[in-house]
Amino acid sequence: MAGIRVGIVGVGFGQQVLIPAFQSVPKFTVTAVAASSAHRAERVRELFGLRIAYGDWRALVDSNLVDVVAVAVPPVMQPMVIRAAIIAGKPIFCEKPVAVDVSDAVAACELADMSDLPNMVDFWLPELPVWQRVGDILLTGEIGPIRHITVQWNLETFNVLQQNDSWKRLPEQGGGVLNGFVSHVLHYLEWLFGPIDGIGCMLHRAPDLPGWVETLALINGRFVMGAPFSICASNHAVHGNGHRLEVHGRDGSLVLENSDNDHARGFTIRIGDRRSRIWRVAAASDDLSVNSVDGRIMPVSALVCRFAEWIESGRSSVPSLKQGLRVQTLLDVARVSDAEKGTMCFTPNLVLSKN
């Protein structure tokens, strides 16, 4: 298929990342955009020089000017758009998490399987070269058998800072730090270390943010391969320490960290070994094109390229809705654990392919 025509549903992340990412891949042409109002959609259409704007996502899905649908709407809405696009026979590219609950994610995944249409979920962190370098280092066994893993992702998001009236503050819409940050973390932890066996979770809300869903997630867990892990993620941390992954092994430790406000730029890998007892820089993130306003555009573009190959060749790729369902399952287990005051809850084992 030449000149694949894409329609973008949603103009938040849609205009920040998805439109530039699809426009950067020559096999795609972004022809249409849909927003919650015709006025908002028209403004984005003019900004990017697109062909048509819709004030209703259903009109975009049904349009004969659109071959593929890319979705960046609140998680509560995504299953509706995914279902409509698949029924219309159009491949789907969607944001994470796929839905608000497991049942909707299961339905979306089953429908995609039956249709055999290409489908992809935007778990973009493993597309960063510096993250792929972490995977390569771990495969060498340089730090020895893994003893434990910790993740810290603490910052203050714009919506929290401004206390915006946003869906990201509402549990019924799919807001909260668990969906926003921890969904990424659970995906990349299984990508690096294999399936998670159990999760214990405690969710908290900042007392000075009335009406918000959880702003802090404290999680402990264990991988099937035996190593324990912990996650501390917050979106209300003033001058937080950013994003940090620590992997501690028998012979040394690896740290991947980023204190930059851009979620994609600024990562550095440091390795400390037992013999020298010093840290050395093993890799630093690429500039991801200094002309790019948002560092996420580059890794999302890499996913978009694989999505195009799936459409043209028919050979499936990852991360697909199957990976989206897996993460949704883990999020559900975390919420069950929180409801049971942090009790360790066990997860269905599912070995996922690396992307």
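Further up the page is the structure itself.
Now for a description of the structure that goes with this document. (Residues numbered from 1 in each chain as written. Predicted model: local features only at pLDDT ≥ 70, side-chain atom pairs only at ≥ 80, totals over all residues. Heavy atoms only, no water.)

1. What to know about the overall build of the protein
Here's step 1: When helices and strands are tallied, the protein shows 10 helices and 15 strands.
Here's step 2: Here the C-alpha radius of gyration of the protein, 20 Å, is about what a compact globule of 355 residues would show, namely 20 Å.
Here's step 3: Expressed as lengths along the three principal axes of its C-alpha atoms, the size of the protein is roughly 65 × 40 × 40 Å.
Here's step 4: Out of the 355 residues in the protein, the part that is buried amounts to 56%.
Here's step 5: Within the protein, residue pairs in contact and separated by at least 24 positions form 68% of the contacts whose partners lie at least 6 positions apart.
Here's step 6: Approximately 15200 Å² of the protein is accessible, and the part contributed by carbon and sulfur atoms is 52%.
Here's step 7: Looking at the protein, you have 32 positive and 36 negative side-chain charges, and the mean spots of the two groups are 3 Å apart. (Helix = DSSP H or I, 4+ residues; strand = E, 2+ residues; numbered from the N terminus. Rg over C-alpha atoms; globule rule 2.2 N^0.38 Å. Buried < 20%, exposed > 50% of the residue type's maximum accessible area, 1.4 Å probe, protein only. Contact = heavy atoms within 4.5 Å. Areas by Shrake-Rupley, 256 points an atom, 1.4 Å probe, with all protein chains shown as cover. Lys, Arg positive; Asp, Glu negative; His and termini not counted. Charge placed at Lys NZ, Arg CZ, Asp CG, Glu CD.)

2. Structural notes on the nonpolar core
Note on soluble globular proteins: their nonpolar side chains tend to be buried together.
Here's step 1: Membership of the largest hydrophobic core comes to 111 residues, with the highest contact counts inside it found for Phe22, Phe28, Val69, Phe93, Leu189, Ile199 and Leu245.
Here's step 2: Residue contacts for Leu189: discarding those within four places in its chain leaves Ile149, Val151, Gly194, Phe223, Phe229, Ile231 and Leu245. (Core = buried A, V, L, I, M, F, W, Y, C linked by side-chain atoms within 4.5 Å.)

3. Points about the pattern of salt bridges
Here's step 1: One pass over the full model with this rule turns up 15 salt bridges.
Here's step 2: Between Arg250 and Asp251 there is a salt bridge, and its shortest N-O distance comes to 2.9 Å.
Here's step 3: When the shortest N-O distance is used, the salt bridge between Arg265 and Asp262 registers 2.6 Å.
Here's step 4: Through salt bridges with shared partners, a single network forms among Arg244, Glu246, Glu257 and Arg270. (Salt bridge = Lys/Arg side-chain N within 4 Å of Asp/Glu carboxyl O.)

4. Digging into the state of the cysteines
Here's step 1: Applying the stated criterion to the full structure yields 0 disulfides.
Here's step 2: The cysteine Cys201 is free of any disulfide, with Cys345 supplying the nearest cysteine sulfur at 9.4 Å.
Here's step 3: Judged by its relative accessible area of 10%, Cys345 is buried. (Disulfide = S-S within 2.5 Å.)

5. Brief notes about the packing of helix α1 (residues 13–23) against helix α9 (residues 297–313)
Here's step 1: Closest axis-to-axis distance for the α1/α9 pair is 8 Å, and the angle between their directions is 50°. Between α1 and α9, the angle is such that the two are oblique. The interaxial crossing formed by α1 with α9 has right-handed handedness. Every residue of α9 that contacts α1 at Gln16, Val17, Leu18, Pro20, Ala21 and Phe22 is listed here: Ile297, Val300, Ser301, Val304 and Phe307.
Here's step 2: In the contact of α1 with α9, the residues fall into 9 nonpolar, 2 polar and no charged. (Axes fitted to C-alpha atoms, helices over the stretch in contact; angles between N-to-C directions. Parallel < 35°, antiparallel > 145°, perpendicular 65-115°, else oblique. Left-handed = near helix turned anticlockwise from the far one by under 90°. Nonpolar A, V, L, I, M, F, W, Y, C, P; charged D, E, K, R; others polar.)

6. What to know about the side chain of Ser63
Here's step 1: Within the element layout of this structure, Ser63 appears in the loop between α3 (57–62) and β4 (68–71).
Here's step 2: What Ser63 contacts, discounting residues up to four positions off in sequence, is Tyr54 and Lys90.

7. Observations regarding the sheet that holds strand β12 (residues 252–258)
Here's step 1: Judged by pairing direction, the sheet is mixed, and its 9 strands sit side by side in the order β14-β13-β12-β11-β7-β10-β9-β8-β15 without closing on themselves. Bordering the open sheet on either side are β14 (279–284) and β15 (345–346), each of which pairs with just one other strand.
Here's step 2: In terms of strand pairing, strand β13 (residues 268–273) meets β14 through 5 bridges, oriented antiparallel. Along β14, the bridge assignment pairs Ile271 with Arg280. (Pairing = 2+ DSSP bridges.)

8. A closer look at the packing of aromatic side chains
How two aromatic rings sit relative to each other is set out by the distance from centre to centre and by the angle between their planes.
Here's step 1: Scanning all chains against the criterion turns up 9 aromatic pairs.
Here's step 2: Measuring from ring centre to ring centre gives 5.0 Å for Phe22 and Phe28, while their planes differ by 80°; the resulting arrangement is edge-to-face. Of the two residues examined, Phe22 and Phe28, each falls in the buried class.
Here's step 3: Residues Phe28 and Phe307 carry aromatic rings whose centres are separated by 6.2 Å and whose planes lie at 15° to one another, so their mutual orientation is stacked. With a gap of 279 residues between them, Phe28 in strand β2 (residues 28–34) and Phe307 in helix α9 connect regions that are remote in the sequence. Of the two residues examined, Phe28 and Phe307, each falls in the buried class.
Here's step 4: Members of the aromatic cluster, joined through ring pairs, are Phe22, Phe28, Phe93 and Phe307.
Here's step 5: The aromatic ring of Trp279 is capped on one face by Arg270, whose charged end is 4.8 Å from the ring centroid. (Phe/Tyr/Trp six-rings, centres within 6.5 Å; stacked < 30°, edge-to-face > 60°. Lys NZ or Arg CZ within 6 Å of the ring centre and 35° of its normal.)

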